[in-house]
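These are the residues of each chain, in order.
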Amino acid sequence: MADSGKIRIVIVDDIAETRENIRKLLQFEADLEVVGVARTGKEGIQVAAETQPDVVLMDINMPDMDGITATEQIRAKIPGTQIVILSVQSDANYLRRAMLAGARDFLSKPPDGDELTGAIRRAGEMARAEKAKAEVTAAALSGAGGAGRLAMHGGRPFGKIITVYAPKGGAGSTTVTANLAVALHSEDKPVVAVDGRLQFGDVSFFFNEQGRNNISDLAPRADELDNEILEEVLLKHKDTGIRILAAPPRPEQADAVNATQFGQILNYLKTMFPYILVDTGSQLDEVTLAAIDASDIILLVTTQDIPSIKNIRLFLDLANALGIQKNQIMMTMNRFDKRRSITPERVAEISKQELASVIPLEERLVVPAMDRGAPFLLQGRNNPVAKGVTDLADAVIKRLAEIEAAEGN
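Here is what the cut-offs are and how they apply
- Residues numbered from 1 in each chain as written.
- Predicted model: local features only at pLDDT ≥ 70, side-chain atom pairs only at ≥ 80, totals over all residues.
- Heavy atoms only, no water.
- Helix = DSSP H or I, 4+ residues; strand = E, 2+ residues; numbered from the N terminus.
- Rg over C-alpha atoms; globule rule 2.2 N^0.38 Å.
- Buried < 20%, exposed > 50% of the residue type's maximum accessible area, 1.4 Å probe, protein only.
- Contact = heavy atoms within 4.5 Å.
- Areas by Shrake-Rupley, 256 points an atom, 1.4 Å probe, with all protein chains shown as cover.
- Lys, Arg positive; Asp, Glu negative; His and termini not counted.
- Charge placed at Lys NZ, Arg CZ, Asp CG, Glu CD.
- 1 Å grid on protein atoms, 1.4 Å probe; cavity = no way out; pocket = protein on both sides within 12 Å on 5 of 7 lines; lining within 4 Å.
- Points joined across faces, edges and corners; volume = space filled by probe spheres on them.
- Nonpolar A, V, L, I, M, F, W, Y, C, P; charged D, E, K, R; others polar.
- Phe/Tyr/Trp six-rings, centres within 6.5 Å; stacked < 30°, edge-to-face > 60°.
- pLDDT = per-residue confidence, 0-100.
- Axes fitted to C-alpha atoms, helices over the stretch in contact; angles between N-to-C directions.
- Left-handed = near helix turned anticlockwise from the far one by under 90°.
- Polar contact = N/O pair within 3.5 Å; in protein donor to acceptor, adjacent residues only side chain to side chain.

J.: It is not clear to me how the overall build of the protein should be interpreted in this structure. Could you clarify?
T.: Within the protein, the secondary structure is distributed over 14 helices and 15 strands. In terms of overall dimensions, the protein is globule-like: its C-alpha atoms have a radius of gyration of 22 Å, near the 22 Å expected for 409 residues. C-alpha extents for the protein along the principal axes are approximately 70 × 50 × 45 Å. Relative to its 409 residues, the protein shows a buried fraction of 54%. Counting only contacts in the protein whose residues sit at least 6 apart along the sequence, the fraction spanning at least 24 positions is 74%. Here the protein has roughly 18,600 Å² of accessible surface; of this, 48% comes from carbon and sulfur atoms. When the 46 basic and 57 acidic side-chain charges of the protein are each reduced to a single mean position, those positions are 5 Å apart.

Structure follows, in structure tokens:
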């Protein structure tokens, strides 16, 4: 971002009147600044490289290079820059192609003024989040050992962020998050569980812990966090010592936390905890995308339901456009019922994604534990459902080690 704090914008459109109309619309917005314009896709790539904008407003239909191809190249060359597509073509195929290319939003032309400025601001927040992530990564990879060595904080490496994400609601991602936290947590490697469902989060209830403070208390101070501030806000599970960063108690309070602040909070938690588990909602909103962008591992949760499998496949199609590496993605099947015809092997085949673990259906154990606010892993680890979670924890630890080893080469 520029020192002024304004969101820097480049407009790419082959129609001069459209470019000028957008420029005039945006000149009255104090936090937005047009830093360049381009008439063609190729020129747009060049202007973006020269100006390093936060947001590019990109037309699709242009004579030399279409906007989707230009989007792919800009995202590859300037990863932090976010693309908002503007097009008279509004069908689902164009939307899917734009998202796969790395576009952050898709608006029909001519866009409504509030709709356009809202999309730019959301994209600008994501640009800030990606910049913050890049700075943390650069700091972590710098140091006396050269490239690939993790920077140390307080004598230990930065922690790892594991985002638990189910593209289809009702897959039990919060149950998986809570019990995976128990499986990973130890005295020398403590866990913090972060509730990324800011409107209707339940992580604290799954641990039967409630307090006056939550993530909205951190948001105004997201760029000046310290351990003392975090300690005031984090809940502590009395039975395990797991720390919990709770969601706001009321849905309307979710607006107090934006994606940039959420990313800053996650990155600071890396300096305090070896493992940061983030439970997210099924919608790919800006906060969920910020968690995904900050993650070392994205843990996908599916069930045997066809809609769940379909949504997993759609997310995997988008993963490359979102800048996610293949080794960052893991998948677990939750609530596996052997009486149903769809097997874990079939799900892995359909999704083209290996299953890290299978957690069987065991309602007599899981549901009462959930109602009591006690992760079922605390009742013992010798039953099949607990074994599914501990197998998952082992797989996560192994994958993190593989990623770190690869980065060190």
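J.: It is not clear to me how empty space enclosed by the protein should be interpreted in this structure. Could you clarify?
T.: If you walk through the whole model with that rule in mind, you get 2 cavities of 30 Å³ or more. Forming the boundary of the largest cavity are T175, A178, N179, F206, V366, A369, M370, A374, P375 and F376. Every element with two or more residues in the lining of the largest cavity is listed here: helix 6 (173-184) and helix 13 (363-372). For the lining of the largest cavity, a count of residues per class yields 8 nonpolar, 2 polar and no charged.

J.: What should I look at first to understand the packing of aromatic side chains in this one?
T.: In this description, a pair of aromatic rings is defined by centroid distance and the angle of the planes. For the coordinates displayed, the defined rule picks out 1 aromatic pair. Measuring from ring centre to ring centre gives 5.2 Å for Y165 and F315, while their planes differ by 50°; the resulting arrangement is tilted. A residue pair is termed long-range when its members are at least 10 positions apart, and Y165 in strand 8 (residues 160-165) and F315 in helix 11 (residues 306-319) qualify at 150 residues.

J.: Got a minute to help me understand the confidence of the model for the protein in this structure?
T.: Parts of the prediction with low pLDDT should not have their coordinates interpreted in detail. Within the protein, residue pLDDT values average 87, and 90% of them lie at 70 or more. Of all secondary-structure elements in the protein, the lowest mean pLDDT belongs to strand 6 (residues 152-153), at 46, while strand 12 (residues 275-279) reaches the highest, 98. Overall, residues 139-156 carries pLDDT values under 50, and its contacts beyond four positions in sequence, including any with other chains, amount to 26 contacts.

J.: How should I be thinking about the environment of D14 in this particular structure?
T.: Mapped onto the fold, D14 is located in the loop between strand 1 (7-12) and helix 1 (16-26). A residue is classified by how much of its surface remains accessible, and D14, at 33% relative accessible area, is partly exposed. A C-alpha to C-alpha distance of 34 Å links D14 and I292, two positions 278 residues apart in sequence. Residues contacting D14, with those up to four places away along its chain left out, are R19, R39, D59, N61, M62 and P63.

J.: Just checking my understanding: could you explain unusual backbone geometry for this structure?
T.: Backbone geometry follows two general trends: most residues other than glycine have a negative phi, and most peptide bonds adopt the trans configuration. For the bond from K109 to P110, the omega torsion is -10°, close enough to zero to count as cis. Within the secondary structure, P110 is located in the loop between strand 5 (105-108) and helix 5 (113-141). Positive phi is not limited to glycine here, since N208 has a value of about 55°. Structurally, the position occupied by N208 is in the loop between helix 7 (203-206) and helix 8 (227-233). Exposure remark for N208: the relative accessible area of 43% places this residue in the partly exposed category.

J.: What exactly am I supposed to notice about the packing of helix 9 (residues 259-269) against helix 10 (residues 286-294) here?
T.: The description of two packed helices rests on the angle between their axes and on the distance between the axes. Running from amino to carboxyl end, helix 9 crosses helix 10 at an angle of 30°, the nearest separation of the two axes being 8 Å. Crossing hand, helix 9 versus helix 10: right-handed. Between helix 9 and helix 10, the contacting residues are A259, F262, L266 and N267 on the first element and E286, V287, A290, A291 and A294 on the second. Its residues placed into classes, the contact of helix 9 with helix 10 shows 7 nonpolar, 1 polar and 1 charged.

J.: What is the right way to look at the side chain of T260 in this model?
T.: Within the element layout of this structure, T260 appears in helix 9. Engagement of the side chain of T260 in a polar contact is seen with the backbone oxygen of E125, the distance being 2.8 Å. The contacts of T260, once residues within four sequence positions are left out, are E125, R128 and A129.

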